[in-house]
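Geometric and topological summary
Each chain, written out:
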Amino acid sequence: MVRDDRSRTEIPPGTLYMLILTTLARRGPLHGYGIAKHIEETSDDVLRVEEGSLYPALQRMVIKGWVTAEWTRTAGNRRARVYRLTAAGRKQLGLEVSEFDRAVQAITRVIQPA
Amino acid sequence: MAWAGETWRRLCLLARRSQHDEELDEEMRFHLEMRAEEHRAAGMDSGEAAYAARRRFGSPTLLREEARDASGWPFAESVWRDVRLGLRSLRHSPGFVAVALVSLALGIGVNAAVFSFINAGNSASASRSARAHPASFGRSSAA
């Protein structure tokens, strides 16, 4: 379950927002740990979310108005800050995904053998 | 519109900065506990699990700083800190402040006095020569 660090990949720059937004869109409101866990599990433990970039990214997203943050109690009755997708966040997700698709297609064309 | 909302949210965070920092700390603690629990479930003993979670987490200070920069105006805040540091250190050396103030006042005062003296002399002689000029012209033509 806990994989060797070498088999993990850093999240490509610029895609963290998209991954967080997707996670919140699929799973509904989640705390930071839940978001990291979901990204790791869904990617079969290939993608590794750095806490050092996850929380600052969440702060920026709150400020941009893509997500809202509120304190709730978890199933284990612990206080946790939970992030929820807003309408602006949903719109941003669409934008980021289409931009990402475009970039991936372009890169694929470049690296494909002629 | 989006810009106004962003500024408003930044101001709100700035207004409750200390509470905001505490919340971030609590959030990080929660994350570490959850991670340690996950390690325990995977069969580590609790000390080892907590250590592994901390190691994985990296530096909380760095994270705190980055989160702070993300949610405020880092440039304006650092300028404000510099100004306050400057004022504080000036308060500690009143003699230096007095010397600096007196030399600035003297310098500016003397400079202004000399300038207005020369300026007045110049414009007086200029207007004299302006008055003298047509006269001398007239004299020379009369001669």
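Residues numbered from 1 in each chain as written. Chains lettered and ligands numbered in written order. Predicted model: local features only at pLDDT ≥ 70, side-chain atom pairs only at ≥ 80, totals over all residues.

Focus on the sheet that holds strand β2 (residues 30-31) of chain A
All names here are of chain A.
- The three strands are arranged β2-β5-β4 in an open sheet whose pairing can be described as antiparallel. The open sheet has two edge strands, β2 and β4 (67-73), and neither has a second partner.
- Judged from the two bridges that link them, β2 and strand β5 (residues 79-85) form a sheet pairing that is antiparallel. Across the sheet, leucine 30 pairs through a bridge with tyrosine 83, a residue of β5. (Pairing = 2+ DSSP bridges. Helix = DSSP H or I, 4+ residues; strand = E, 2+ residues; numbered from the N terminus.)

Details of the environment of A:Leu24
Residues and elements named next belong to chain A.
- Here leucine 24 shows up in helix α1 (residues 16-27).
- When the 25 C-beta atoms within 10 Å are taken as the criterion, leucine 24 is described as buried.
- Taking the C-alpha atoms as reference points, leucine 24 and valine 67, separated by 43 residues in sequence, lie 8.9 Å from one another.
- Setting aside residues no more than four positions away along its own chain, leucine 24 makes contact with Leu30, Val67, Tyr83, Arg84 and Leu85. (Buried ≥ 20, exposed ≤ 12 C-beta atoms within 10 Å, placed from the backbone. Contact = placed C-beta atoms within 7 Å.)

Topic: the interface of chain B and chain A
- Listed by partner, the interface residues are 22 residues for chain B and 19 residues for chain A.
- Of all the elements in the fold, those that place two or more residues in the side of chain B that touches chain A are α1 (2-15), α2 (17-41) and α4 (60-71) of chain B.
- Counting residues per element, the side of chain B that touches chain A draws most heavily on α2(B), at eight residues.
- The class makeup of the residues in the side of chain B that touches chain A is 10 nonpolar, five polar and seven charged. (Nonpolar A, V, L, I, M, F, W, Y, C, P; charged D, E, K, R; others polar.)

Looking at helix α3 (residues 51-64) of chain A
Residue and element names in this part refer to chain A.
- With 14 residues, α3 should cover 20 Å at 1.5 Å per step; its first-to-last C-alpha distance of 20 Å lies within 8% of that length.
- Among the residues of α3, those classed as buried are Glu51, Leu54, Tyr55, Pro56, Ala57, Leu58, Gln59, Met61 and Ile63.
- Glycine 65 sits one or two positions beyond α3 and adopts a positive phi of about 85 degrees. (Expected span 1.5 Å × (residues − 1).)

What about unusual backbone geometry?
All names here are of chain A.
- Unusually for a residue other than glycine, aspartate 44 sits at a positive phi of about 55 degrees.
- Looking at the secondary structure, you find aspartate 44 in the loop between α2 (32-42) and β3 (47-48).
- A positive phi angle, close to 65 degrees, is found at aspartate 45, a residue other than glycine.
- Looking at where aspartate 45 falls in the secondary structure, it is placed in the loop between α2 and β3.
- Judged by C-beta crowding, with 16 C-beta atoms within 10 Å, aspartate 45 ranks as partly exposed.

As for the confidence of the model for chain B
All names here are of chain B.
- On average, residues of chain B score 84 in pLDDT, and 89% of them are at 70 or above.
- Within chain B, the element-level pLDDT minimum falls on helix α6 (residues 94-142), averaging 80, and the maximum on helix α5 (residues 74-92), averaging 90.
- Low pLDDT, under 50, characterises residues 138-143; the stretch is placed with zero contacts to residues that sit more than four places away or in other chains.
- Interface confidence for the predicted complex, given as ipTM, is 0.79, next to a pTM of 0.70. (pLDDT = per-residue confidence, 0-100.)

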